Each structure stands twice: as structure tokens, then as C-alpha cells.
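Next come the chains, spelled out residue by residue.
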4 protein chains.
Amino acid sequence: MKVPDKFDKFIYTLIIANVIAMILESHASIRAVYQDYFYVFELISIIIFSFEYFYRIVVGFKSAGIKGASKYIFSTFGLIDLISILPFYLNQFIKIDGRFVRILRLFRLTRIFKLGRDSASLKLFVQALSAVRNELKFTLFLSILTILFSASAIYFLENEAQPEKFSSITESIWWATVSLATVGYGDVYPITVGGKAFAAIISLVGIGIVAIPTGIISASFVEEIIAAKRRKER
Amino acid sequence: MKVPDKFDKFIYTLIIANVIAMILESHASIRAVYQDYFYVFELISIIIFSFEYFYRIVVGFKSAGIKGASKYIFSTFGLIDLISILPFYLNQFIKIDGRFVRILRLFRLTRIFKLGRDSASLKLFVQALSAVRNELKFTLFLSILTILFSASAIYFLENEAQPEKFSSITESIWWATVSLATVGYGDVYPITVGGKAFAAIISLVGIGIVAIPTGIISASFVEEIIAAKRRKER
Amino acid sequence: MKVPDKFDKFIYTLIIANVIAMILESHASIRAVYQDYFYVFELISIIIFSFEYFYRIVVGFKSAGIKGASKYIFSTFGLIDLISILPFYLNQFIKIDGRFVRILRLFRLTRIFKLGRDSASLKLFVQALSAVRNELKFTLFLSILTILFSASAIYFLENEAQPEKFSSITESIWWATVSLATVGYGDVYPITVGGKAFAAIISLVGIGIVAIPTGIISASFVEEIIAAKRRKER
Amino acid sequence: MKVPDKFDKFIYTLIIANVIAMILESHASIRAVYQDYFYVFELISIIIFSFEYFYRIVVGFKSAGIKGASKYIFSTFGLIDLISILPFYLNQFIKIDGRFVRILRLFRLTRIFKLGRDSASLKLFVQALSAVRNELKFTLFLSILTILFSASAIYFLENEAQPEKFSSITESIWWATVSLATVGYGDVYPITVGGKAFAAIISLVGIGIVAIPTGIISASFVEEIIAAKRRKER
């Protein structure tokens with residue numbers, strides 16, 4: 001038993017409507033006037049998403065018993081579905097601190113990623129990622145090491161000259177990430193000769209290291225695309 | 001029947017002259033002195049471009065009837081040709097608001113892209129793009145999702161601390177795009193611990209996602225170049 | 001004779017604990033309270049790392065005599081091990097200037113890079129690097145030339161207008177590296193017409209040159225991954 | 001007849017010494033003390049480089065007559081050699097404006113690029129560039145079109161709000177290049193809604209276009225490296 005296509009399309013439309021509502025609601029001027037409407041819309045959405053969640057569990061159960069149900073529950077999209085509705089209920093039943101609610105609302109956003117679910121390219125993309133799985137893990141690990149190393153080094157070199165901006169290694173990680181990802185906002189940068197010399201060298205080497213995962217994903221993706229095309233041609 | 005080469009070359013020269021005129025005209029000091037000359041040149045150019053437009057329709061018609069004419073009209077370059085002359089006429093016959101004229105003048109710029117028309121590399125480039133068409137759509141879609149997700153998250157995290165700069169999700173999209181495209185002007189950046197932590201993580205992951213389309217295009221282009229070379233060698 | 005796995009895992013755990021300790025210690029507020037604990041932990045760590053160093057030499061000696069011992073001593077990880085403990089002893093026996101100690105402590109960080117030691121991907125990555133060894137050297141050399149050239153040119157073009165920021169070619173290397181690595185903090189940038197024109201042109205060409213090593217490493221890595229997969233399939 | 005290896009090595013050493021001298025001379029404090037020494041060193045260098053230039057012409061002439069001599073004169077390195085010595089003589093015989101001398105001195109820097117002359121990788125690199133010659137021209141042309149288009153569009157959108165920063169299209173080219181090359185110093189950026197919306201969209205598309213040449217060069221280089229390796233294995 002499968003979830004009917006029409007239901008899927010309705011859910012997609014609702015997700016997009018939810019995202020648009022959230023964007024509109026973020027404007028103080030719009031929120032001031034339509035706050036109640038937004039709340040009602042959120043309520044209806046949560047009810048529908050909750051229904052969807054249990055419906056998919058049932059569909060899974062009917063097709064393959066407990067195994068089918070738990071297959072959905074512990075799948076990526078099953079977890080996303082749960083995460084996006086759970087905070088609403090937690091908020092109703094338990095007294096939660098305002099700040100925490102704010103963070104929990106973030107999880108509603110994960111629904112966005114359900115939109116690409118049916119794409120044939122997604123399958124190819126996941127294949128491409130899984131083909132270089134170990135190498136990606138390794139290069140991401142290398143990136144994190146490089147960031148940690150850069151952050152610690154710049155802390156030792158700049159802390160004395162800029163105790164406010166490079167107050168600790170934790171704080172310096174911000175500089176290291178922003179620099180090695182080549183964003184470079186300009187809110188923190190080295191000013192001592194040693195700091196600049198280190199930053200210049202680590203820029204050339206470190207940026208290369210941090211950029212490797214992206215290069216691997218792209219190259220692997222194109223490999224999969226070509227392989228898929230060859231399979232078709234045969 | 002084909003458009004003669006000499007005519008094409010004349011049109012190319014005129015396009016370049018138009019671009020140069022537009023650049024010169026944008027300097028307040030030059031505009032002050034030569035404004036009338038620029039207007040006359042614009043007028044003559046529009047007449048020639050209009051003639052070109054109808055001439056190409058006629059050429060299309062003579063070679064393959066209505067089908068030939070409409071083939072040109074609805075081709076990319078046919079639409080560019082129309083878009084680049086239409087605003088001028090609209091402006092003459094209808095009273096348009098000054099602001100809107102400004103935006104319409106932008107369309108004159110699209111002519112620039114006609115310059116590459118005859119390049120053999122363009123054909124190869126279009127082939128390369130079309131070979132990864134679906135994957136490009138998917139990764140661009142993924143990029144937009146990532147930007148939307150980042151913008152919403154940073155809005156929730158930074159809005160309280162910087163209500164001016166992260167005033168709404170719409171406004172935060174600016175930060176997300178500038179950051180994930182690694183431009184990083186430095187006009188907006190997170191200052192809270194939560195915002196910085198999120199920005200650091202999304203930098204490493206998100207920049208990779210946003211950079212994938214470029215990687216795919218490059219890799220696909222090189223594939224096409226190699227394939228074209230092999231075809232030649234045989 | 002090999003170093004037992006359990007010992008390796010213990011050392012890895014200790015390295016991670018050391019990194020965490022160093023990060024925590026960098027926070028002035030934490031250091032103020034727990035300084036003594038950090039010192040004791042550092043002392044114990046150095047003793048264990050020193051034991052590890054001599055243990056590995058002995059293991060090398062027992063398996064292949066002097067050759068085995070020196071093989072470890074002069075290996076990359078052997079040198080990292082020595083560099084990370086040596087500064088502590090130097091500091092005890094010789095009176096070293098405070099500033100220099102700071103720099104020597106940086107070497108403790110190199111231990112971080114021991115964490116990836118056993119990864120199968122590391123082997124593949126080293127192979128990928130070594131396959132394009134000469135080309136990497138060449139493109140890094142080209143990058144340095146481009147940086148030197150850009151720094152000198154911008155010095156001649158901007159020194160008069162911004163004598164503070166482009167005070168010498170050495171100082172301009174900072175601008176060149178930050179720009180060509182596309183970080184662009186915004187602390188230094190050209191303001192003269194000549195400087196901007198040069199910076200714009202060198203941006204398009206130079207960034208390409210500086211990015212080539214990264215592109216080569218990624219492409220070579222993917223080549224090695226594919227080759228390794230083919231070997232497995234056979 | 002060939003130029004002896006020892007002579008080549010001497011010239012390389014002299015080039016490096018010249019670059020170091022130029023870097024040192026750029027420091028006001030060093031120049032103040034050693035100005036005369038720098039002048040003498042420059043004089044001796046120019047004499048040797050001039051001798052080198054004529055010597056290479058003679059070597060060319062002896063091996064293949066006028067054809068051999070002119071082959072060197074009009075080669076890339078022949079032109080670099082001439083350009084790097086000519087300004088000195090022009091400066092001696094003709095009264096040149098101080099500003100112009102400054103710019104001419106820049107040409108001395110081109111000598112730097114002679115250092116990579118004998119590298120085997122250079123040959124492979126030139127091959128890689130020449131294999132994608134037409135495509136590089138096309139994508140560089142596309143990059144320039146994109147920059148011109150972006151500059152014009154942002155001028156129309158931002159000129160009213162920031163007449164100082166986006167004073168003309170020429171001035172806006174600076175913004176377009178810095179943004180599309182992802183440097184983003186932060187000295188100029190759009191502030192209007194229209195400008196930000198355009199900049200966000202063009203960032204995603206334009207950065208991709210500007211980055212394609214680099215991607216092509218890297219991919220082509222790796223192709224050549226692999227092809228060279230296969231030739232060796234046979």
C-alpha cells in the first residue's frame with residue numbers, strides 16, 4: 001500500500017505555504033496585524049502534519065507490519081516529520097522557557113528539506129555522496145582539525161594584541177571558520193606581524209583543505225551522472 | 001536564406017558601441033556635456049535594432065514560412081532582441097513612472113549576451129549545461145533550500161540581539177546569500193554565541209552545497225570538450 | 001612487534017583530552033579557577049607522551065634494530081611526537097623568554113594531526129597528493145609568484161594614496177594573500193583608480209591561479225577513489 | 001648552440017636577489033639607510049640582464065640565423081626580458097614624469113615569471129591550457145559580460161541611494177568584480193531592496209560563471225597529468 005500522489009502534492013503545497021507564512025510572520029509590521037491568522041494557520045498545519053505522520057506509520061504497518069512502520073519512523077524523513085511537529089506539543093503540555101521555544105521552532109524548518117524527496121536527481125546525489133562516504137568523513141575531519149589548529153595558533157599569536165576579539169580558542173574558532181570558508185566578514189582579523197604571517201600561510205593551505213569535500217562531492221556527482229547515462233545508453 | 005555575415009558584424013559593433021555609450025553616459029560629468037549626443041545615438045541604435053528585429057523575422061519567414069518566423073521570435077536571442085527594444089517604444093507611447101523606466105532600461109543590457117552568439121564554444125557549453133540539466137535544477141533547488149533554511153535559523157538566533165540587521169527572514173536572506181556565496185561584505189554577521197555557532201557550521205556545509213552547481217558545470221564542460229576532441233580524432 | 005591497539009586508543013583519547021584542556025584553559029575565567037589542575041594535567045600528559053615516544057622507538061628497535069628505530073624517529077609522526085614534547089623540557093632546563101614559550105606551546109597542537117593516522121582514506125589521500133606531487137609544487141610556486149607580483153604592483157599603485165596600509169611590499173603581501181584567497185576581510189583594499197583596475201584584473205586571473213592546487217587535489221583524490229573501487233571490483 | 005646551465009642558474013639567482021632587494025627597498029626605514037646600495041645593485045643587475053638579453057639573441061642567431069634570433073625576441077620570455085630592462089634605459093635618456101616611472105618599474109616584476117621556465121610541469125600546464133584554449137576564451141568572455149551586466153544593473157539600482165559609491169558604471173565594475181570573485185571587501189555593497197535582491201541572485205549565478213574558467217583549467221590539468229602518466233606506463 002502506498003501513500004496516494006494527490007496526498008503527497010497536498011502536503012508539499014502545505015509545506016511551501018508554511019514556509020511563506022513563517023517568512024511573512026517574521027516581518028514585525030505584518031505580524032502586528034495578522035498574528036491571530038498565523039496562529040490559526042499554524043494550528044491547522046500541525047493537525048494536518050500530525051495526521052500525515054500517523055497516516056504514514058499506518059501505511060507502513062499495513063504494507064509490512066511493525067517492520068514497515070518502524071522503517072518509516074526511523075527513516076530520515078520520518079525523523080524530520082516527527083521533529084517538525086513534536087515541539088508544538090511539548091510547548092502545549094510542558095512549561096518551556098521562551099528562549100527554548102524559539103530554538104524548537106527552528107525544527108519546523110526541517111520540513112523544507114522534504115520538498116526534494118521525489119527527485120530522481122536526489123537518488124543520484126545520495127549515491128554520489130555514499131560512493132565517497134569515507135573520503136568525505138576523512139576530509140571533513142581534516143577540515144575540523146585544520147580549523148581547530150588555526151584557531152589555537154591565532155589565539156596564541158593575537159590574544160595579547162586583541163584580547164577582546166581573540167579572547168579564547170573557542171572565540172577564535174569563529175575567525176578560523178569564517179576565514180577558511182573564505183567568507184571573511186571583516187569583524188575579526190589578525191593585526192600582529194606573526195598573526196598575519198600565520199593567517200596568510202594557513203589561508204593558502206587551509207582553504208584548499210576546507211574546499212576539498214566540495215570538490216569531491218561535485219566530481220563524484222558528475223561521475224554518477226555519466227555512469228547513469230551510460231547505463232541508459234546500453 | 002541566411003542573414004549576411006557583414007550585417008551580423010555591423011550589429012555586433014553597434015552593440016559594443018551601445019555598451020560603451022551606456023558606460024560613458026553613466027558618468028555625471030560626461031552626461032552633463034554630451035547628453036543630446038547620447039540621446040541621438042540611442043535613437044539611431046533603436047531604429048537599427050528594430051530594423052534588425054523585423055529583418056530577422058522576414059529572413060525566418062522566407063526560409064520556412066510562419067514556422068521559420070516564429071522559430072526566431074521565440075528563440076532566446078529573439079526574445080532578447082525584443083526585450084531590448086520594447087521598453088523604448090513603451091516609454092514613447094505610454095506615460096511610465098520614472099522609476100519603472102530606469103528598470104526597463106536595464107533590459108537594453110541583455111543585448112550584451114548576443115555577442116557570444118556565434119561561438120563554437122557556446123554550442124559546447126549549452127550541450128554541457130543540457131547534459132546535467134536535471135542535476136543542475138536539483139542542486140540549485142538545494143541551494144535555495146539551504147539559503148532559506150539558513151536565513152530562517154539566523155533570524156531566530158540573531159533577531160533579538162540585532163533587531164535592525166536581522167529584522168525579518170526576508171532581510172536575513174541577504175545575509176544567508178552573501179555568506180553562503182562566500183562574498184561576506186561584512187555589513188551583517190552574527191554576534192551571539194548561538195548565531196556564530198550556527199553560522200560556522202552552516203558555512204562548512206552550506207558553502208559546499210551552494211558551490212556544487214559550479215563544480216558540476218565545470219566538470220560537465222570538460223567532459224564535453226574531451227568528447228568533442230575524441231569525435232574529431234576519429 | 002607492534003604497538004598494541006589498546007595503547008593507541010588510550011593515546012588518542014589523551015590527545016583529544018589535551019586539545020579540550022587547551023581550549024578550556026584559553027578562557028580567562030576558567031583558567032583563573034583551575035590553573036593548577038591544568039598544570040598537573042599537562043605534566044601527566046607530557047610524561048605519558050614522553051613514555052609513548054620512547055616506547056615507539058623501542059618497538060621500532062625490537063622489530064628491525066637501529067633501522068627500525070630511526071625509521072620511526074624520522075617519520076612524519078615521529079617528528080610530530082618529538083616536537084610536541086620537546087618544548088616542555090626546553091622550558092624546564094633553559095631560561096626561555098616568555099614570548100618564545102608561547103610560540104613553542106603551539107607545537108603541542110601538531111599532536112591533533114596524529115588523530116587521522118589510521119584512516120584508510122588518509123592512505124588514499126596521500127596517494128592522491130603524491131600522484132600530482134610535481135604539479136602541486138608547480139602550482140603552489142605559481143601561486144606564490146602571483147602573490148608576490150600582486151603585492152609589489154599594488155604597493156607601487158597604492159603606496160602614495162594609502163602610505164599607512166600599503167607601507168611596504170611585505171605589508172602588501174597581506175593584502176594580496178587575503179584577496180587572492182578570496183577572504184577579503186576589508187581591512188585593506190585599493191582606493192585609487194589604478195589600484196582598483198589592477199586589483200579587478202588580478203582578481204579574475206590570480207584567484208584562478210591560487211585555486212588550481214585545490215582543484216588538482218580534489219580531482220586527483222576522486223581519481224584515486226575510483227581506481228581503488230575498480231581494484232576492489234576485480 | 002645552447003645557453004649553458006650555469007649561466008641560467010646565475011640569472012635565476014640574480015632574479016631572486018632582485019625581488020628580495022625590491023621588497024627590502026619598499027620599506028621606508030631600510031630605504032632611508034641603504035638607498036645608494038640599492039641603486040648600485042639595480043645598475044649592476046640591469047647591465048647583467050642587458051648582457052643576458054643580447055647573449056640570448058646571439059645564441060639564437062648562431063643556432064638558426066635571423067630566424068633563431070627573432071624566435072627568441074618574439075617569444076614570451078624574450079618579451080619579458082625586454083620589458084624588464086627597457087624602462088631603465090628610457091628613464092635615462094628621456095625625461096619621464098615621476099608617476100610614469102613608477103608604473104614602468106612595475107615591469108621589472110615580470111622577471112619573476114621567468115623562474116618557472118624550466119619546470120616540466122609548466123609544459124604540462126601550458127598543454128592543459130592550450131587544450132581548452134577556446135573554451136577558456138569563451139568563459140572569460142562570459143565572465144566579462146557578466147561583470148559588465150552586473151555593474152550596469154547595480155548602477156541603475158543603487159546610484160540614487162548611494163551616489164558616492166555607485167557614481168558610474170565604471171565605478172560599479174569594481175563592486176561587480178569584487179563580488180563575483182567572492183572577495184567582498186565590504187567597501188561597497190547594495191543597500192536598497194532592489195539592489196540586494198539583484199546582488200543575491202547574481203551572486204548565485206554570476207559567481208558560478210566567473211568560477212568556471214578555474215574549474216576548466218584544473219580539470220584539464222588533471223586530464224593532462226593522467227594522460228602523461230599513461231604514456232609513461234606504456
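What counts and what doesn't
Each chain has its residues counted from 1, running along the sequence as written. Whichever chain is written first is A, and whichever ligand is written first is 1; the rest continue in order. Side-chain atom pairs in this predicted model are given and counted only at pLDDT of 80 or more, local residue features only at pLDDT of at least 70, and totals for whole chains, interfaces and linings cover all residues. In computing side-chain values, all of the structure's heavy atoms are included and hydrogens and water are not. Only DSSP runs of H or I covering at least 4 residues are called helices, and only runs of E covering at least 2 are called strands; the numbering of each starts at the N terminus. By this rule the span expected of a helix is its residue count minus one, scaled by 1.5 Å. A 1.4 Å probe rolled over the protein chains alone gives each residue an accessible area, and that area as a share of the maximum for its type sets the label: buried under 20%, exposed over 50%, partly exposed in between. Between two residues, a contact is recorded if the distance between any of their heavy atoms is within 4.5 Å. In the sections that follow, a salt bridge refers to a side-chain nitrogen of Lys or Arg positioned within 4 Å of a carboxyl oxygen of Asp or Glu. Here a polar contact is taken to be a pair of N or O atoms separated by no more than 3.5 Å, where protein atoms must pair a possible hydrogen donor with a possible acceptor and residues adjacent in sequence count only if both atoms sit in side chains. Note on residue classes: Ala, Val, Leu, Ile, Met, Phe, Trp, Tyr, Cys and Pro are nonpolar, Asp, Glu, Lys and Arg are charged, and everything else, Gly too, is polar. Buried area is calculated as the accessible area (1.4 Å probe) missing from two parts once they are joined, with the contributions of both summed. Only residues with pLDDT of at least 70 in both copies count here: their C-alpha atoms drive the least-squares fit that superposes the copies. Residues grouped as a nonpolar core are buried Ala, Val, Leu, Ile, Met, Phe, Trp, Tyr and Cys residues, joined through side-chain atoms within 4.5 Å. Patch membership requires more than 30% relative accessible area and the absence of a salt bridge. Residues of like charge join within 9 Å; the nonpolar side chains Val, Leu, Ile, Met, Phe, Trp and Tyr join within 5 Å. With residues, only the protein chains shown are counted as cover, and all accessible areas are computed by Shrake-Rupley using a 1.4 Å probe. Every angle, taken between N-to-C directions, lies between 0 and 180 degrees, and every axis is a line fitted to C-alpha atoms, over only the stretch in contact when it is a helix. An angle below 35 degrees is treated as roughly parallel, one above 145 as roughly antiparallel, one from 65 to 115 as roughly perpendicular, and anything else as oblique. Left-handed describes a crossing whose near helix is turned anticlockwise from the far helix through less than a right angle; right-handed describes the clockwise counterpart. One axis is fitted to the seven residues ending at the residue and one to the seven starting there. The bend at that residue is the angle between these axes.

A.B. asks: It is not clear to me how helix α7 (residues 169-180) of chain C should be interpreted in this structure. Could you clarify?
C.D. replies: Residues spaced three or four apart along an α-helix face the same direction, because each turn holds 3.6 residues. Compared with an ideal rise of 1.5 Å per residue, which puts twelve residues at 16 Å, α7(C) spans 16 Å between its outermost C-alpha atoms and is within 8% of the ideal. By the criterion of burial, α7(C) is predominantly enclosed, with nine of the twelve residues buried. Inspection of α7(C) places C:I169, C:S172, C:W174, C:W175, C:A176, C:T177, C:V178, C:S179 and C:L180 among the buried residues, and these make up the whole buried set. In this structure, the buried side of α7(C) is in contact with α8 (193-233) of chain A, α6 (133-158) and α8 (193-233) of chain C together with α1 (5-25) of chain D. Phi for C:T182, located one or two positions after α7(C), is positive at around 60°.

A.B. asks: I keep staring at the interface of chain D and chain C and nothing clicks. Help me out?
C.D. replies: Accessible area lost upon the coming together of the parts is a frequently used measure of interface size. On the side of chain C, 45 residues touch chain D, which itself brings 38 residues to the contact. Scanning the region where chain D abuts chain C turns up one salt bridge. For the pair chain D and chain C, the interface holds nine residue pairs in polar contact (both at pLDDT 80 or more). Listed by contribution, the elements that provide at least two residues to the side of chain D that touches chain C are α1, α5 (120-131), α7 (169-180) and α8 (193-233) of chain D. For the side of chain D that touches chain C, the element with the highest residue contribution is α8(D), accounting for nine residues. Its residues placed into classes, the side of chain D that touches chain C shows 22 nonpolar, eleven polar and five charged.

A.B. asks: Where do I start with the interface of chain B and chain A in this structure?
C.D. replies: Taken together, the contacts link 44 residues of chain B with 38 residues of chain A. The junction of chain B with chain A conceals about 3,700 Å² of combined surface from both sides, 73% of it contributed by carbon and sulfur atoms. It is B:F138, B:F156 and B:L204 in chain B that bury the most area against chain A; as a group they hold 19% of the surface buried on that side. Counting across the chain B and chain A interface gives one salt bridge. Here A:E171 makes a salt bridge to B:K196, at a shortest N to O gap of 2.9 Å. Elements with a contribution of two residues or more to the side of chain B that touches chain A: α6 (133-158), α7 (169-180) and α8 (193-233) of chain B. Grouping the amino acids of the side of chain B that touches chain A by side-chain chemistry returns 26 nonpolar, 14 polar and four charged.

A.B. asks: So what exactly am I meant to see when it comes to the environment of A:S50 here?
C.D. replies: Following the sequence through the fold, A:S50 ends up in helix α2 (residues 28-73). What A:S50 contacts, discounting residues up to four positions off in sequence, is A:I85 and A:Y89.

A.B. asks: Honestly, the relation of the copies chain B and chain A in this entry has me stumped. Any pointers?
C.D. replies: Both copies of the chain are related by a screw-like operation: a rotation about an axis and a shift along it. Expressed as a screw operation, the relation of chain B to chain A combines 0.0 Å of axial shift with a rotation of 90°, fitting to an RMSD of 0.1 Å. Here the transformation between the copies is reduced to the relation of a four-fold axis. Little of the interface of chain B is mirrored in chain A, where only 9% of its interface residues again form contacts.

A.B. asks: Got a minute to help me understand the relation of the copies chain D and chain C in this structure?
C.D. replies: Between chain D and chain C, which share one sequence, the superposing operator has a rotation angle of 90° and an axial displacement of 0.0 Å; the RMSD is 0.1 Å. Comparing contact sets, just 11% of the residues at the interface of chain D also lie at the interface in chain C, consistent with a heterologous contact between different surfaces.

A.B. asks: Can you help me understand the nonpolar core in this one?
C.D. replies: In a soluble, globular protein the nonpolar side chains are often hidden away together inside. In terms of nonpolar packing, the biggest core is built from 180 residues, with A:W175, B:W175, C:W175 and D:W175 touching the most fellow members. Among all residues touching D:W175, those that are not within four sequence positions of it are B:Y185, D:S150, D:I154, D:F166, D:V188, D:Y189, D:P190, D:A199 and D:I202. Counting 63 residues, the second-largest nonpolar core is a separate cluster that includes A:F125, A:I226, B:L122 and D:L136.

A.B. asks: What's the story with the pattern of salt bridges in this structure? I'm lost.
C.D. replies: Should the charged atoms of two oppositely charged side chains come close, the side chains can pair. Residues and elements named next belong to chain D. With the rule as written, the count across this model stands at twelve salt bridges over all chains. Note that D8 is salt-bridged to R56, the shortest N-O span being 2.9 Å. Residue D8 is found in helix α1, and its partner R56 is found in helix α2 (residues 28-73); the two are separated by 48 residues along the sequence. As far as the burial class goes, D8 and R56 line up, both buried.

A.B. asks: Please explain a nonpolar patch on the surface as it appears in this structure.
C.D. replies: Together, A:Y39, A:V40, A:L43, A:I44 and A:I47 make up a nonpolar patch on the protein surface, roughly 460 Å² of accessible area in all. With respect to the element layout, A:I47 can be found in helix α2.

A.B. asks: It is not clear to me how the packing of helix α1 (residues 5-25) of chain C against helix α2 (residues 28-73) of chain C should be interpreted in this structure. Could you clarify?
C.D. replies: Axis angle and axis distance: for two packed helices, these are the angle between their axes and the distance between the axes, and together they describe the pair. Residue and element names in this part refer to chain C. With their axes 10 Å apart at the nearest point, α1 and α2 run at an angle of 150° to one another. When the interaxial angle is binned, α1 and α2 end up roughly antiparallel. The element α1 and its partner α2 pack so that their crossing is left-handed. Only I30, R31, F38, F41, E42, S45, I48, F49, F51, E52, Y55 and R56 of α2 make contact with α1, whose side of the interface consists of F7, D8, F10, I11, L14, I15, A17, N18, A21, L24 and E25. Residues of the contact of α1 with α2, tallied by class, amount to 15 nonpolar, two polar and six charged.

A.B. asks: Please explain the environment of A:K165 as it appears in this structure.
C.D. replies: Residue and element names in this part refer to chain A. Here K165 is to be found in the loop between α6 (133-158) and α7 (169-180). The spatial distance from the C-alpha of K165 to the C-alpha of V188 is 6.5 Å, given a sequence separation of 23 residues. Non-local contacts of K165, meaning those with residues more than four positions away in its chain, are made with E171, D187 and V188. Reaching out from K165, the side chain makes a polar contact with the backbone oxygen of D187 at a distance of 2.9 Å.

A.B. asks: Help me out: how do you make sense of α8(C) in this one?
C.D. replies: Under the 1.5 Å per step criterion, the end-to-end length of α8(C) is 59 Å for 41 residues, consistent within 8% with the ideal 60 Å. At C:S203, α8(C) shows its strongest bend, of approximately 40°.

Taken by themselves, the reported measurements are silent on function.
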